[in-house]
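The primary structure of each chain is shown beneath.
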Amino acid sequence: MARFLTIAVCQTGPIQRSASRAETVGRLVHLLEKAAAAGAEIVVFPEMALTTFFPRWRIDDTAEIESFFERSMPGPVTQSLYDAAARLKVGFALGYSELVQEDGRTRRFNTMDLVGPDGGFIGRYRKMHVPGSSEPEAGTTTHLERRYFEPGNLGFPVFDYCGVRVGMAICNDRRWPETYRMLCLNGAEVVLLGYNTPLLLDEAPALAHLRMFHNHLPMQAGAYQNTLWVAAAAKAGLEDGQALIGGSCIIAPTGEIAAQALSLDDEVIVHRADLDLITTCRKVNFDFALYRRPDQYRLIAEQV
Ligand code: CDT
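Residues numbered from 1 in each chain as written. Predicted model: local features only at pLDDT ≥ 70, side-chain atom pairs only at ≥ 80, totals over all residues. Heavy atoms only, no water.

### Comments concerning the site of the ligand
Within the structure, the ligand sits among 14 residues, and Lys127, Cys171, Asn172, Arg175 and Thr197 are positioned closest to it. Here Asn172 contributes a side-chain N or O atom positioned 2.8 Å from an oxygen atom of the ligand. In the model, a nitrogen atom of the ligand is placed 3.1 Å from a nitrogen or oxygen of the Asn196 main chain. Taken by itself the ligand offers 360 Å² of open surface, and the protein chains cover 92% of this. Applying the majority rule of atoms within 2 Å of the grid points places the ligand in the largest pocket. Here the residues of the shell around the ligand are counted per class, giving five nonpolar, four polar and five charged. (Near = heavy atom within 4 Å. Polar contact = N/O pair within 3.5 Å; in protein donor to acceptor, adjacent residues only side chain to side chain. Areas by Shrake-Rupley, 256 points an atom, 1.4 Å probe, with all protein chains shown as cover. 1 Å grid on protein atoms, 1.4 Å probe; cavity = no way out; pocket = protein on both sides within 12 Å on 5 of 7 lines; lining within 4 Å. Sits in = over half its atoms within 2 Å of the grid points. Nonpolar A, V, L, I, M, F, W, Y, C, P; charged D, E, K, R; others polar.)

Next up, the structure:
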């Protein structure tokens, strides 16, 4: 029997620092309702979808830093999004900043949770590739993710979502081939991804015209080389004075962009993903069992 999954990417426009969590969650519920009305079975929201992208600032006060984090999911304010998922019978992947007591200490991760169509928790991913620095560096765009977040410690897990194998990735992860290859090797059919990407980087003005190309290039290559559907949600537009790129998209295992956002604002794009296309693409080029040579893939010490 043919297998399909109707995927919605819910891009958001900017989420200003002045916006309350309740206001932002209300926006996400509205997007989820739009996605459900368009027939979506699963939705992906951006990285850090509950707040402004605060790593653009150096903050020293712990209470202020922690005000951007969630201590439990769902929490009192985010519960309405989970209730909406259950009411609409549409699950979602949501990026947020996670504060957790683990190994006897407070830890902070850049996290995405997968929630089922009953509003229940399915699984968690913590961003592996944490970019930027922990202190502002002269001549570079201030991007202090490494000040606020530890790299993820959960690997690249893949979860069952209504019979479909779903993995997650967060922003800078999308630029790394390991992300897609690990998710593919773990059995993923669909990768849900959220991002906040500055339009301009002070350190590389000569590359400014390539920002959107370099957004789509690795995701298209990752989808193609690993025979995956990739659905990516941007936080876009002018957020607290910083321009973020949009370009949210749904990419087929052929590497083609099947749907793309047209705005820098709240926007829903939907595509009915043919999961059998994965098998077709695998047969054509990427039969891993037949052609991959993992026993021969090794680092040769003298050459590295
Ligand atoms: N959020 C995130 O990971 N953004 C990065 C920009 C890093 S600029 C130092 C990205 O790869 O889009």
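The structure having been displayed, the exposition proceeds.
### A word on the pairing of strand S4 (residues 105-115)
Counted residue by residue, S4 has eight buried out of eleven residues, so it is predominantly covered. Across eleven bridges, the pairing between strand S3 (residues 91-102) and S4 is antiparallel. Directly across from Glu98, in S4, lies its bridge partner Phe109. The hairpin formed by S3 and S4 contains two residues between the paired strands, and Asp103 there has a positive phi angle of roughly 55°. Where S4 lies against strand S5 (residues 121-126), five bridges are found, and the strand directions are antiparallel. By the bridge assignment, Thr111 is partnered in S5 with Arg126. Where S4 folds back on S5, the antiparallel hairpin that results is connected by five residues, among which Gly119 adopts a positive phi of roughly 80°. (Buried < 20%, exposed > 50% of the residue type's maximum accessible area, 1.4 Å probe, protein only. Helix = DSSP H or I, 4+ residues; strand = E, 2+ residues; numbered from the N terminus. Pairing = 2+ DSSP bridges.)

### Topic: the nonpolar core
Counting 50 residues, the largest nonpolar core has Leu114, Val190, Leu192, Met219 and Val230 as its most contacted members. Considering every element that reaches this core, the biggest residue donor is strand S9 (residues 229-234), with six residues. Apart from the residues within four sequence positions on either side, Val230 is in contact with Tyr180, Val191, Leu193, Met219, Ala223, Cys249, Ile250 and Ile251. (Core = buried A, V, L, I, M, F, W, Y, C linked by side-chain atoms within 4.5 Å. Contact = heavy atoms within 4.5 Å.)

### A few points about the environment of Thr24
Relative to the elements of secondary structure, Thr24 occurs in helix H1 (residues 21-37). A relative accessible area of 1% places Thr24 in the buried class. Filtering out sequence-adjacent residues up to four positions away, Thr24 remains in contact with Ile15, Ala19, Ala49 and Leu50.

### Examining the side chain of Thr111
Assignment of secondary structure puts Thr111 in strand S4. Overall, the relative accessible area of 0% leaves Thr111 in the buried class. In terms of polar contacts, Thr111 uses its side chain to reach the side chain of Glu98, at 2.6 Å. When near neighbours in sequence (up to four residues on either side) are disregarded, Thr111 contacts Leu94, Gly95, Tyr96, Glu98, Arg124, Tyr125, Arg126 and Ile170.

### Re the UniProt feature "domain: CN hydrolase" (unreviewed entry) in the chain
UniProt annotation of "domain: CN hydrolase" (unreviewed entry) refers to residues 5-277 when read in the numbering used here. Here residues 5-277 runs as 23% helix and 30% strand, with 12 Å between its end C-alpha atoms. (UniProt positions renumbered as here; feature names shortened; annotations may be inferred.)

### A look at the sheet that holds strand S6 (residues 158-161)
Taken in spatial order, the six strands make up an open sheet running S6-S7-S8-S9-S12-S13, and their pairing is mixed. Two strands bound the open sheet, and with one partner strand each, they are S6 and strand S13 (257-260). Averaged over all pairs of adjacent strands, the angle between strand axes in this sheet comes to 20°, irrespective of strand direction. Here strand S8 (residues 190-195) runs beside S9; their pairing, made up of six bridges, is parallel. The partner of Leu192 across the bridge, within S9, is Ala231. (Axes fitted to C-alpha atoms, helices over the stretch in contact; angles between N-to-C directions.)

### A few points about the packing of aromatic side chains
In the structure shown here, the tally under the stated rule is nine aromatic pairs. Positioned above the aromatic ring of Tyr195 is the side chain of Arg174, whose terminal nitrogen or guanidinium carbon lies 4.3 Å from the ring centre. Against the face of Phe4 rests Arg272, its NZ or CZ located 3.7 Å from the ring centre. (Phe/Tyr/Trp six-rings, centres within 6.5 Å; stacked < 30°, edge-to-face > 60°. Lys NZ or Arg CZ within 6 Å of the ring centre and 35° of its normal.)

### Notes on the layout of surface pockets
Roughly 350 Å³ of internal volume is contained in the largest pocket. If you trace the largest pocket, you find 20 residues lining it, with Pro131, Gly132, His143, Leu201 and Glu203 closest to the centre. When the residues that make up the lining of the largest pocket are grouped by side-chain class, the tally is five nonpolar, nine polar and six charged. (Points joined across faces, edges and corners; volume = space filled by probe spheres on them.)

### Points about the packing of helix H5 (residues 177-185) against helix H6 (residues 211-226)
Following both chains from N to C, one finds H5 and H6 inclined at 30°, their axes separated by 9 Å at the closest point. By the criterion of interaxial angle, the relationship of H5 to H6 is roughly parallel. With respect to the hand of their crossing, H5 and H6 are arranged in right-handed fashion. In this structure, H5 contributes Tyr180, Arg181 and Cys184 to the contact, and H6 contributes Pro218, Met219, Gly222, Gln225 and Asn226. Classifying every residue of the contact of H5 with H6 by side-chain character gives four nonpolar, three polar and one charged. (Parallel < 35°, antiparallel > 145°, perpendicular 65-115°, else oblique. Left-handed = near helix turned anticlockwise from the far one by under 90°.)

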